[in-house]
Amino acid sequence: MEKRWEAMSADEKQETQFQRLLTPTDHEGNGLRFQSPEAEAAYKARINRLKDAVQLKKAPDRVPVALFPSMFPYTYAGMTVEEAMYDYEKCVAGYKKFVLDFEPDIPMGAAGPGPGRVYEILDYKLYSWPGHGVAPEHSYQCNEGEYMKAEEYDLLLTDPSFYFRNFYLPRVFAKLGPWGMLPPLTGILEIYGVAFNFIPFGLPPVQEAYKALFEAGAEALKWATAVGGIDMELATLGFPNIFGGFSKAPFDVLGDTLRGTRGIMLDMYRQPDKLLKALEALTPIMINLGLGAAQQTGKPFIFMPLHKGADGFLSDEQYRKFYWPTLKEVILGLIEGGCIPLPAAEGAYNTRLKYLAELPPGKTLWMFDQTDMAEAKKLAGEAVCLLGNVPSSLLKLGVPDDVRDYVRNLIHTAGRDGGYVLANGAFFDEARPENVKAMVQAAGEFGVYR
């Protein structure tokens, strides 16, 4: 009898997830029909390379290679970023060209540009994007601010969902401003007075907000159908997308887009106890965000962009008190739920490597940008799989021989004995195509296990 999911160990759950990746299905739940036996063999070889790397083993043949671009696939295909955000067919065609031309083991999918029309419908204030404050050929930009006020911690702690609906979302989506009129759902209890709770839904501004939301939802579905379709097509050609969704470090949830950098830095000194309580409250929410995404998509890798934990943002004492405990709890919760966390340590993470050794071995994949990879291998290599470190500057300004030399040294440093995935260290908009090609080819030249 098949063992129930809840009764499985973390090892058993991870193995089950990899077996699901190795036996993909189509949209109807039937076994995926590959376009050739060679494509099927390539697909499975790529998954197995990744599996062995995550589990800190040597792959049967070579170091796996991943490409995690930002807007490069679309400009490489001859379009502007604005076109990629508004013309979904162009977007997925550009991404297909990128994958087929460079042939990474692990592509990331075409969701990066996002649906510009959705942001337009809802009047998104948190970001500027091409055609809305940014030139057509450039990527979107975050407009940092205090979208959560310093005095609103108690509101967040009392009812996070109510806070997000009535305060945060109306501030970052102008069309949802009338949601501030809505009552908390927890007040709808008994027949006495229950009708009063529904009066706001009859008000014209609130109804207009919902109309905008429904329009945005329809547009988001159109976009998701396009990007999901290209994932399926590329899988039939032998290129798996293993990303199931994303989550965040609780400190970054607050510091990135609620309190902002200035706000959360002040909070560490002015109201540290409330900050710590908020981090604890957000922890199960971030665990469930990742678990829910993986369940919905059927893919176990959960991407976690780490921002304010980088060297230079926090002292080691601050990192140990405010950042690492809840990040670690989220990572462990995702692992326990059968996911494979993929934190992206943006910037340098040299002073944080000692903490990674606290994680269970063979359960996470860490993307490194400017971190010393020799130190990463030494201090964390027995616990986590290392990924990345090829500089964006090298891909843009170097020549193929420079890239080959860098990759050779990188694989020798981080890839010996397994537990490494060759990849760029930060998402790139601009690069010389010949350098990207040289990076992928170097995996086969220098990453072969003998």
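Residues numbered from 1 in each chain as written. Predicted model: local features only at pLDDT ≥ 70, side-chain atom pairs only at ≥ 80, totals over all residues. Heavy atoms only, no water.

Draft legend 1. Broad picture of the pairing of strand β5 (residues 301-306). Here β5 lies mainly inside the structure; six of its six residues are buried. Going residue by residue along β5, you find F301, F303 and P305 tucked away on one face and I302, M304 and L306 tucked away on the opposite face as well. As paired elements, strand β4 (residues 243-246) and β5 share three bridges and run parallel to each other. Among the inter-strand pairings, F246 is bridged to a residue of β5, identified as F303. In the sheet, β5 pairs with strand β6 (residues 340-345) via six bridges, with the strands oriented parallel. Looking at β6, one finds that P305 is bridged to A344. Crossover connection from β5 via helix α13 (residues 316-336) to parallel β6: handedness right-handed. (Buried < 20%, exposed > 50% of the residue type's maximum accessible area, 1.4 Å probe, protein only. Helix = DSSP H or I, 4+ residues; strand = E, 2+ residues; numbered from the N terminus. Pairing = 2+ DSSP bridges. Right-handed = clockwise from strand over helix to strand, strands pointing away.)

Draft legend 2. Examining the pattern of salt bridges more closely. What the rule picks out here adds up to 31 salt bridges. With a closest N to O distance of 3.3 Å, R46 and D105 form a salt bridge. With a gap of 59 residues between them, R46 in helix α2 (residues 37-54) and D105 in the loop between α5 (88-102) and α6 (116-122) connect regions that are remote in the sequence. We note that R46, like D105, is buried. Among the salt bridges present, the one from K396 reaches E430, with a minimum N-O distance of 3.5 Å. Note that K396 is positioned in helix α16 (residues 392-397) and E430 in the loop between β9 (420-421) and α18 (433-446), a separation of 34 residues in sequence. For K396, a relative accessible area of 35% gives the class partly exposed. Overlapping salt bridges bring together R46, R49, D61, R62 and D105 as one network. (Salt bridge = Lys/Arg side-chain N within 4 Å of Asp/Glu carboxyl O.)

Draft legend 3. Representation of the pairing of strand β7 (residues 365-368). Here β7 shows two buried faces, one formed by L365 and M367 and the other by W366 and F368. Taken together, the four bridges between β7 and strand β8 (residues 385-388) define a ladder with parallel strand orientation. Residue M367 lies in a different strand from β8, and its bridge partner there is L387. At this point the chain moves from β7, through helix α15 (residues 373-380), to the parallel β8, and the crossover so formed is right-handed.

Draft legend 4. Fine view of the layout of surface pockets. For the second largest pocket, the calculated volume is near 200 Å³. W5, Q17, R20, L291, A294, Q295, G298, K299, G337 and C339 are the residues that line the second largest pocket. Looking at the lining of the second largest pocket, the elements that each hand over two or more residues are α1 (10-22) and α12 (272-297). Sort the elements by how many residues they give to the lining of the second largest pocket and α12 lands first, with three residues. Each residue belonging to the lining of the second largest pocket can be placed in one class, and the counts come to four nonpolar, four polar and two charged. (1 Å grid on protein atoms, 1.4 Å probe; cavity = no way out; pocket = protein on both sides within 12 Å on 5 of 7 lines; lining within 4 Å. Points joined across faces, edges and corners; volume = space filled by probe spheres on them. Nonpolar A, V, L, I, M, F, W, Y, C, P; charged D, E, K, R; others polar.)

Draft legend 5. How the structure looks around α12. If you check α12, its first and last C-alpha atoms are 37 Å apart, about what 26 residues at 1.5 Å a residue would give, namely 38 Å. When α12 is considered as a whole, its buried residues turn out to be L275, A278, L279, L282, T283, M286, I287, G290, A293 and A294. G298 sits one or two residues past α12 and shows a positive phi near 75°. (Expected span 1.5 Å × (residues − 1).)

Draft legend 6. Focus on the packing of aromatic side chains. Inspection of the entire model under this criterion finds 32 aromatic pairs. An angle of 75° between the planes, with centres 6.1 Å apart, marks the rings of F72 and F98 as edge-to-face. One end of the pair, F72, is in helix α3 (residues 72-76); the other, F98, is in helix α5, and 26 residues separate them in sequence. Each member of the pair, F72 as well as F98, is classed as buried. Taking 6.2 Å as the distance between ring centres and 75° as the angle between the ring planes, the aromatic pair formed by F162 and F167 counts as edge-to-face. (Phe/Tyr/Trp six-rings, centres within 6.5 Å; stacked < 30°, edge-to-face > 60°.)

Purely geometric stuff here, so don't read any function into it on its own.
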